[in-house]
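# Structural features, examined
Below, each chain spelled out in residue letters.
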Amino acid sequence: RPVRLLRASWERLLSIGLRAGLSPWQRKRVRLLNGIAGIALGVLTTYTLVFMASPDRVTFWLSVLGVGLNIGTLLLNYFRRYEASAYYTIISIAAYYAFVAIGKKNDATEYFIITNSIMTMLFFREFRKILVLFLLNVAAFFAVQYAIKVIPSFLYIPESAPVHDTNVLLFILTLFLVHCP
């Protein structure tokens, strides 16, 4: 019974914003965007709950911000702004993980920008859009790598939990999930 409930809830989440008349590719894109937002919401909500009573308030608030950003994807799909949802997802992920990586340093969040660059190929069909968004993410990754070296950490506190290894594991899982059919 719990598995059936979980599966039904997951299916409802994936179906947010779907309507009759969408092409099979558009349906797949909406479901993929909703799924990515759903997984991110699960991880970031868990982080929010874990760090709620922790002295590491920075990770708590960054997780809350991430939850809010991912709800944006679902809302755009709900209101049937599918193209805007795809752009919003790519740009917000790049901006969020760049900010966190520069601010916290050495927590490996910048690697999510790499998976984000690959995801552009899943959300768009036009080569020009894919190329521009892919290059934007690649440039963001290298800009973050440089910024980490020259900008002092402004979000690090001694009470910060070490999340580097967890983020590397999540990065590897994300790469796997992006490439799975």
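Residues numbered from 1 in each chain as written. Predicted model: local features only at pLDDT ≥ 70, side-chain atom pairs only at ≥ 80, totals over all residues. Heavy atoms only, no water.

## What to know about the overall build of the protein chain
Within the protein chain one finds seven helices and zero strands. Counted from the first residue to the last, the protein chain has its helices and strands arranged as α-α-α-α-α-α-α. Looking at the protein chain as a whole, 42% of its 181 residues are labelled buried. Considering only contacts within the protein chain whose residues lie at least 6 apart along the sequence, 71% involve residues at least 24 apart. (Helix = DSSP H or I, 4+ residues; strand = E, 2+ residues; numbered from the N terminus. Buried < 20%, exposed > 50% of the residue type's maximum accessible area, 1.4 Å probe, protein only. Contact = heavy atoms within 4.5 Å.)

## Description of helix H5 (residues 112-123)
An α-helical turn contains 3.6 residues, so a residue and the one three or four places further along point in the same direction. With 12 residues, H5 extends 16 Å between its outermost C-alpha atoms, agreeing within 8% with the 16 Å of an ideal straight helix rising 1.5 Å per residue. Of all 12 residues in H5, nine are buried; the element is thus mostly enclosed. Every buried residue of H5 is listed here: Phe 112, Ile 113, Thr 115, Asn 116, Ser 117, Ile 118, Met 119, Thr 120 and Phe 123. (Expected span 1.5 Å × (residues − 1).)

## Remarks on the nonpolar core
The nonpolar side chains of soluble globular proteins are, as a tendency, buried together. Among the nonpolar cores identified, the biggest contains 31 residues, and Ile 113, Phe 123, Phe 124 and Val 144 are the most heavily contacted of them. When residues of this core are traced back to their parent elements, those giving at least two are helix H2 (24-51), helix H3 (57-78), helix H4 (82-104), H5 and helix H6 (127-150). The contact partners of Phe 123, leaving out residues within four places of it in the chain, are Trp 25, Arg 29, Leu 32, Leu 33, Ile 36, Ala 86, Thr 89 and Ile 90. (Core = buried A, V, L, I, M, F, W, Y, C linked by side-chain atoms within 4.5 Å.)

## Digging into the environment of Thr 89
Here Thr 89 shows up in helix H4. Since its relative accessible area comes to 4%, Thr 89 is described here as buried. Considering only alpha carbons, one finds Thr 89 and Leu 69, 20 residues apart in sequence, at a separation of 8.4 Å. Of the polar contacts made by the side chain of Thr 89, one reaches the side chain of Thr 73; its length is 2.9 Å. (Polar contact = N/O pair within 3.5 Å; in protein donor to acceptor, adjacent residues only side chain to side chain.)

## Digging into the side chain of Thr 109
Along the chain, the position of Thr 109 falls in the loop between H4 and H5. Side-chain polar atoms of Thr 109 contact the backbone nitrogen of Ala 101, separated by 3.3 Å.

## Observations concerning unusual backbone geometry
Despite not being glycine, Arg 80 has its phi angle at roughly 60°, a positive value. In this fold, Arg 80 is placed in the loop between H3 and H4.

## Focus: the packing of H3 against H4
Packing of H3 against H4 brings their axes to within 8 Å, and their N-to-C directions diverge by 170°. One way to sum up the angle between H3 and H4 is to call them roughly antiparallel. Residues Val 58, Thr 59, Leu 62, Ser 63, Leu 65, Gly 66, Gly 68, Leu 69, Gly 72, Thr 73, Leu 76 and Asn 77 of H3 form the contact with H4, whose participating residues are Tyr 82, Ala 84, Ser 85, Tyr 88, Thr 89, Ser 92, Tyr 96, Phe 99, Val 100 and Lys 104. Split by residue class, the contact of H3 with H4 holds 11 nonpolar, 10 polar and one charged. (Axes fitted to C-alpha atoms, helices over the stretch in contact; angles between N-to-C directions. Parallel < 35°, antiparallel > 145°, perpendicular 65-115°, else oblique. Nonpolar A, V, L, I, M, F, W, Y, C, P; charged D, E, K, R; others polar.)

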